[in-house]
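Chain residues, written in single-letter form:
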Amino acid sequence: MGVPTLGCGCPVCTSTDPRDRRLRPSVLLRWHEPGQPRERVVVIDTGPDFREQALRNGLTRVDAVFYTHSHADHIMGMDDLRPLSFTVFREGGPIPLYASAEAAKVLERIYDYTFSPHSTYPTRARVQLEPLADRTLVHGVEFLRIPLLHGDLEIAGFRFGSAAYLTDVSAIPESSFALLEDLDTLIVSALRHQPHPSHATVAQATAWAKRIGARQTWLTHIAHELGHEETNRTLPENIRLAYDGLSLPVNLEPVNR
Ligand SMILES: [Zn+2]
Ligand SMILES: [Zn+2]
């Protein structure tokens, strides 16, 4: 819902700590491909705050988008790819949007004017839905799909090099833990302390973090029940609440597994 949450006057929603102001979750990955003049940029999820996040982070291009699932807080900024997509399109084609069959169906329905072959809307986003494979190579960087559950819905997490991003997760299938070995950085969602049918609690996410054993774990997709400072005080040293604008180095060497 974002924090402050509309209509709420709780201590977190009225906090003056900038880390208690939370836009909807997303990840931006930038790297330089050897021998290429321009940087490569991948975004995971374009939620309703995508435009604001792109402005805050000086985003001038997007080479590919990966979608975790089709809920509004993860897709409703797709149309704001339009201006960036025109440049990418002139360079060589539409921006690939990697999405599961389920997510693609919702995107096609909501953005009919973009994806319909009958669309006559001239300035539609130059984007193309691509099936989400177990492994996807984007300009030399491999993205592994990590199967997860979000309530009853099968969704995707992603691993890139020594980092993984698992948002909106309520259960991690046993087979997915094998894809999460030897991580430096784990980003995993933890909504609040109180149980929720389709999101992990802080205790659940902390237990996964300990099992996965990444050097550092960041909790994301945080609701207004969790104040930044007070929650961090209760967490183990290598588990912290993420915050908007958090920037981390990531080793993008391919994963051999
Ligand atoms: Zn609140
Ligand atoms: Zn969500």
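Up top you'll find the structure we're talking about.
Residues numbered from 1 in each chain as written. Chains lettered and ligands numbered in written order. Predicted model: local features only at pLDDT ≥ 70, side-chain atom pairs only at ≥ 80, totals over all residues. Heavy atoms only, no water.

Novice: So, the sheet that holds strand β9 (residues 163-166): which residues are in play, and what are the values?
Specialist: Read from one edge to the other, the open sheet built from seven strands follows the order β6-β7-β8-β9-β10-β11-β12, with strand pairing classed as mixed. Each edge of the open sheet carries a strand with a single partner, namely β6 (135-138) and β12 (239-241). Neighbour to neighbour, the strand axes of the sheet diverge by 25 degrees on average, direction disregarded. Note: β9 against strand β10 (residues 185-189), four bridges, orientation parallel. Its bridge partner lying in β10, A163 is registered against T185. Against the sheet, helix α7 (residues 202-212) touches β10, β11 (216-220) and β12, its axis set at about 155 degrees to β10. (Pairing = 2+ DSSP bridges. Helix = DSSP H or I, 4+ residues; strand = E, 2+ residues; numbered from the N terminus. Axes fitted to C-alpha atoms, helices over the stretch in contact; angles between N-to-C directions. Contact = heavy atoms within 4.5 Å.)

Novice: So, the packing of aromatic side chains: which residues are in play, and what are the values?
Specialist: Taken as a whole and assessed by the stated rule, the structure comprises seven aromatic pairs. On the basis of an interplanar angle of 45 degrees and a centroid distance of 5.8 Å, the ring pair of F143 and F160 is categorised as tilted. On the criterion of sequence distance, the pair formed by F143 in strand β7 (residues 141-150) and F160 in strand β8 (residues 153-160) is long-range, its members being 17 residues apart. Across this residue pair, the class does not change: F143 and F160 are buried. In textbook terms, an aromatic cluster arises when at least three aromatic residues are bridged by ring pairs, as seen for W31, F66, Y98, F143, F158 and F160. Taking the ring centre of F89 as reference, the NZ or CZ of R126 above it sits at 5.8 Å. A cation over an aromatic ring shows up here: R211 above the ring of F177, its NZ or CZ 3.7 Å from the ring centre. (Phe/Tyr/Trp six-rings, centres within 6.5 Å; stacked < 30°, edge-to-face > 60°. Buried < 20%, exposed > 50% of the residue type's maximum accessible area, 1.4 Å probe, protein only. Lys NZ or Arg CZ within 6 Å of the ring centre and 35° of its normal.)

Novice: How would you sum up helix α4 (residues 101-110)? Please name residues and give values.
Specialist: Among all positions in α4, only A103, A104, V106 and L107 are buried. Seen along its axis, α4 keeps its buried residues to an arc of 165 degrees; they face one direction. Projecting away from the buried face of α4 at angles above 90 degrees are the exposed residues A101, K105 and R109. The inward-facing, buried residues of α4 abut α2 (72-75), β4 (95-99), α5 (112-115) and β5 (127-131). (Arc of directions from axis to C-beta.)

Novice: Can you tell me about the pairing of strand β1 (residues 27-32), naming the residues and giving the values?
Specialist: Across the two faces of β1 the burial differs, with V27, L29 and W31 buried and L28, R30 and H32 not buried at all. Summarising the sheet, β1 and strand β2 (residues 39-44) pair through six bridges and their orientation is antiparallel. Note on β2: the bridge partner recorded for L29 is V42. In sequence, β1 turns back onto β2 through a hairpin of six residues, with G35 there showing a positive phi of about 80 degrees.

Novice: So what's going on with the side chain of R159? Which residues, and what values?
Specialist: Along the chain, R159 turns up in strand β8. The buried charged residue R159 lacks any salt bridge partner; its closest oppositely charged side chain belongs to D182, at an N-O distance of 5.9 Å. Among the polar contacts made by the side chain of R159, one reaches the main-chain carbonyl oxygen of G161 at a distance of 2.8 Å. (Lys, Arg positive; Asp, Glu negative; His and termini not counted. Salt bridge = Lys/Arg side-chain N within 4 Å of Asp/Glu carboxyl O. Polar contact = N/O pair within 3.5 Å; in protein donor to acceptor, adjacent residues only side chain to side chain.)

Novice: Tell me about the coordination of the zinc ion (ligand 1), and name the residues and values.
Specialist: Ideal coordination angles are 109.5 degrees for a metal with four donors arranged tetrahedrally and 90 or 180 degrees for a metal with six donors arranged octahedrally. Looking at the zinc ion (ligand 1), one finds its protein donor set to be C8 (SG), C10 (SG), C13 (SG) and H224 (ND1), positioned 2.1 to 2.3 Å from the metal centre. Coordination at the zinc ion (ligand 1) is tetrahedral, judged from the four donor atoms that bind it and the angles of 101 to 116 degrees they form at the metal. Counting along the primary sequence, the residues that act as donors to the zinc ion (ligand 1) give the motif C-x1-C-x2-C-x210-H. In this structure, C10 and C13 share a single accessibility class: buried. (Donors = N, O, S within 2.8 Å, 3.2 Å for Na, K, Ca; no water. Tetrahedral: all angles 85-135°; square planar, octahedral: opposite > 155°, others 65-115°.)

Novice: Outline the nonpolar core, supporting the account with residue identities and numerical values.
Specialist: Within the largest apolar cluster, 27 residues are counted, with the highest numbers of intra-cluster contacts made by L166, I172, L186, V188, W208, I212 and L219. Counting residues per element, the ones that place at least two in this core are β7, β9, β10, α7 and β12. In terms of residues, this core owes the most to one element, α7, which gives five residues. In this structure, L166 is in contact with I146, L148, G157, F158, I172, L180, L186, I187, V188 and S189, ignoring residues within four places of it in sequence. Counting residues in each nonpolar core, the second largest holds 25 residues, with F50, I75, L81 and A104 among its members. (Core = buried A, V, L, I, M, F, W, Y, C linked by side-chain atoms within 4.5 Å.)

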